[in-house]
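Working through the structure, step by step
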Amino acid sequence: MKFKYVFVLVYINFTSQTHSCAREPKKEPSRPNIVFIIADDMGWNDVSFHGYDQILTPNIDLLAYFGVIFERYYSHCICTPARSALLTGKFAHVTGMQGLPLLNSEDRGLPLTEKVLPQYFKELGYATHLVGKWHVGQSRTKFLPTSRGFDSHFGHRGGFIDYYEYELQEDWNSTIRSGFDLFRNLNPVWNTEKGYITDLYNNEAKSVILSHDESKPLFLMVNHNAPHSANNGALLQAPPDEVRAMRHVENPERKIFAASVKKLDDSVGDIMQTLLKKGILNNTIIAFISDNGAMTSGLHLNYGSNWPLRGIKMSPYEGGVRVNGLVWSQNLTNNNHAWGGYMHVVDWLPTLLRAAGAKPPTNIDGIDLWNDIVHNRRSKRSEFFEINDYTGYASIVSGDFKLVTGYVNPQYSTYQGGDLRGIIGPKPSYLKSLEKSKMYSVLNNVDKQFNIKYVSLRNKLRIDCKVRNDSQDGALCYSDKNKMCLFNIKEDPCEMQDLTENYPDVVQNMLDRLKIEINRTIPRQVPAVSDPRAAPRLHNFAWDVWADNVS
């Protein structure tokens, strides 16, 4: 099961053209293009703009420095809930998409009563394309991306795939079911594609951009498989030459993970370069996010790191939900900053619609934050929730405080990733990596010169806590059915000090608010059921649609 890191970048600019009597001027869309990029299971400590030099992400970092970095961007802690929230603008528990990630063998999907992000943009005249992961329903044709507002989809429908063979494995009561999961629209691409999946998605994204009809605005989502783990037996996969280039990374598994992140970062640079080549960069908004925190240990571990934040994917602690996020637009490059306001994944839908000049819907949980972000104002978002009736925990963030209730697996609640930070020999040069990146060249081409002062943002973004080691600390508060934990996450971002006894009134007020929100929950089926009718051997050995005729 998985859930990925998600990054999003958005760029907008409105340009005028001089009209000539000799020739018809090229018509440009009045609305901005939007490119939204999501990294899967990428942790807080897996990008270098947060102040760490082991894994360098120069293209992502330059996007961040010349755009707006979200210091307090939050998501759901699991992939299917996070992607559902992104698409609907509603908390996952409100649509029944909370809990463990969706299995390929489940007859379940994002409710058809929900209007989703590409459908809004389609109504505004956008061409809409999805490259990469879907993971919000695939058992029926009506759940698929091309039935939910996307003009095209090239990618995997489930949670992850092998980086070279494009297969996904599920464990059905200790029996492994393996099937092909790479599709172009409705058809598996058995014999037409080969290579590393990050490269395939990168090339597809570039192709979509270059072939785009500029009379329409473009909405392109690029949902990478990277750096999510692959199937058991070959969890970590990256091109050998890229792995060798990571010799400075001490941990051998982390070395492969770093190479996977390098390919993801290269893709961001390639996409920016292609937008420039197409001539539409000046009217494009780019967003980059992680879908959730890294899975440092446990099932589907990928050796990503949320250090020094507490917890990992699957956990309501900061390491599972406080993730990477930023937005870039040429209009923002003169107002670049790190924005300290709260933003939740549900806020993207109304925020992007406002950026596109449209009025956001009012029947959602998301809040339009576009002007708050652009003008560096206080965020209108002050509270959000992580409710998982499947495993039995619920948390609320309100103001400076977070209250965690119910049972949270202790395995997912510790400080992990500290032992993955080792570097052999001298550190790689951060400044040289920036100067050699494609994004550096793109910025030069649009007359945006890099200044060393931008790197000072790293110091502001770096989180340093007095965490002693990765092991469970007996003094920490662990939420369970008989214990709640209260933290001041502004002053104590690593959630080390329980304040329940210090602020009983705060606890009661937050608990009352949380109970009201829990009442909005659409219950999940427990346990999730793998339907034998989904078996790939019944569908040409692919994880294809299987329930269209099931009542």
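For the structure, check the block above.
Because the structure is a prediction, the values reported are computed rather than measured.

Describing the overall build of the protein chain
Per the secondary structure count, the protein chain includes 14 helices and 17 strands. The burial tally for the protein chain puts 65% of its 551 residues in the buried class. Within the protein chain, contacts between residues at least 6 apart in sequence are counted, and of these 76% link residues at least 24 apart. Here the protein chain displays about 20600 Å² of accessible surface, and carbon together with sulfur accounts for 48% of that area. Both charge centroids of the protein chain, one from 61 positive and one from 59 negative side chains, sit 4 Å from each other.

Overview of the pattern of salt bridges
Two side chains of opposite charge can pair, provided their charged atoms sit close to one another. Evaluated as defined, the whole model comprises 36 salt bridges. Of the charged contacts in the structure, one is a salt bridge between Glu204 and Arg184, with a shortest N-O distance of 3.0 Å. A residue pair is termed long-range when its members are at least 10 positions apart, and Glu204 in helix α5 (residues 197–210) and Arg184 in strand β8 (residues 183–184) qualify at 20 residues. On the basis of relative accessible area, Glu204 is assigned to the buried category, the value being 14%. By relative accessible area, Arg184 is classed as partly exposed at 32%. Put simply, Arg354 and Asp368 hold a salt bridge, and the shortest N to O gap is 2.7 Å. Linking Arg354 in helix α9 (residues 348–355) with Asp368 in the loop between α9 and α10 (370–374), this pair joins segments that are 14 residues apart in sequence.

Considering α5
The end-to-end C-alpha distance of α5, which contains 14 residues, comes to 20 Å, matching closely the 20 Å that a straight helix rising 1.5 Å per residue would cover. Inspection of α5 places Ile197, Thr198, Leu200, Tyr201, Asn202, Glu204, Ala205, Val208 and Ile209 among the buried residues, and these make up the whole buried set. The inward-facing, buried residues of α5 abut β4 (127–132), β5 (152–155), β8, β10 (218–223) and α7 (252–278).

A few points about the state of the cysteines
Structurally, a disulfide amounts to a covalent bond that connects the sulfur atoms of two cysteines. Counting across every chain of the model gives two disulfides. Between the sulfur atoms of Cys465 and its disulfide mate Cys494 the distance is 1.9 Å. The sign of the S-S torsion, about 80 degrees, decides the handedness of the disulfide formed by Cys465 and Cys494: right-handed. You can see Cys465 sitting in the loop between α13 (457–461) and β17 (485–488) and its partner Cys494 sitting in the loop between β17 and α14 (504–518), a full 29 residues away along the chain. In the protein chain, the bonded cysteines, numbered by position in the sequence, are linked as 1-4, 2-3.

Section: the nonpolar core
Across soluble globular proteins, you tend to see nonpolar side chains buried next to one another. Counting residues in hydrophobic clusters, the biggest one holds 80 residues, and the most contacted among them are Phe36, Phe70, Phe121, Met221, Val327 and Trp348. In terms of residue count, the dominant contributor to this core is α9 (five residues). Of all hydrophobic cores here, the second largest spans 73 residues; its members include Phe49, Val189, Ile271 and Ile286.

A few points about the side chain of Asp347
Positionally, Asp347 belongs in the loop between β13 (337–344) and α9. Overall, Asp347 belongs to the buried group, its relative accessible area being 0%. Filtering out sequence-adjacent residues up to four positions away, Asp347 remains in contact with Asp365, Gly366, Ile367, Leu369 and Arg381.

Focus: the layout of surface pockets
Computed from the structure, the largest pocket encloses a volume of approximately 500 Å³. Forming the walls of the largest pocket are 21 residues, and the residues nearest its centre are Pro58, Lys262, Asp266, Ser433 and Lys436. Counting residues per element, the ones that place at least two in the lining of the largest pocket are α1 (58–65), α7 and α11 (430–436). Ranked by the residues each element gives to the lining of the largest pocket, the list is headed by α7, at five residues. When its residues are assigned to classes, the lining of the largest pocket shows six nonpolar, seven polar and eight charged.

Definitions and cut-offs
Residues numbered from 1 in each chain as written. Predicted model: local features only at pLDDT ≥ 70, side-chain atom pairs only at ≥ 80, totals over all residues. Heavy atoms only, no water. Helix = DSSP H or I, 4+ residues; strand = E, 2+ residues; numbered from the N terminus. Buried < 20%, exposed > 50% of the residue type's maximum accessible area, 1.4 Å probe, protein only. Contact = heavy atoms within 4.5 Å. Areas by Shrake-Rupley, 256 points an atom, 1.4 Å probe, with all protein chains shown as cover. Lys, Arg positive; Asp, Glu negative; His and termini not counted. Charge placed at Lys NZ, Arg CZ, Asp CG, Glu CD. Salt bridge = Lys/Arg side-chain N within 4 Å of Asp/Glu carboxyl O. Expected span 1.5 Å × (residues − 1). Disulfide = S-S within 2.5 Å. Core = buried A, V, L, I, M, F, W, Y, C linked by side-chain atoms within 4.5 Å. 1 Å grid on protein atoms, 1.4 Å probe; cavity = no way out; pocket = protein on both sides within 12 Å on 5 of 7 lines; lining within 4 Å. Points joined across faces, edges and corners; volume = space filled by probe spheres on them. Nonpolar A, V, L, I, M, F, W, Y, C, P; charged D, E, K, R; others polar.

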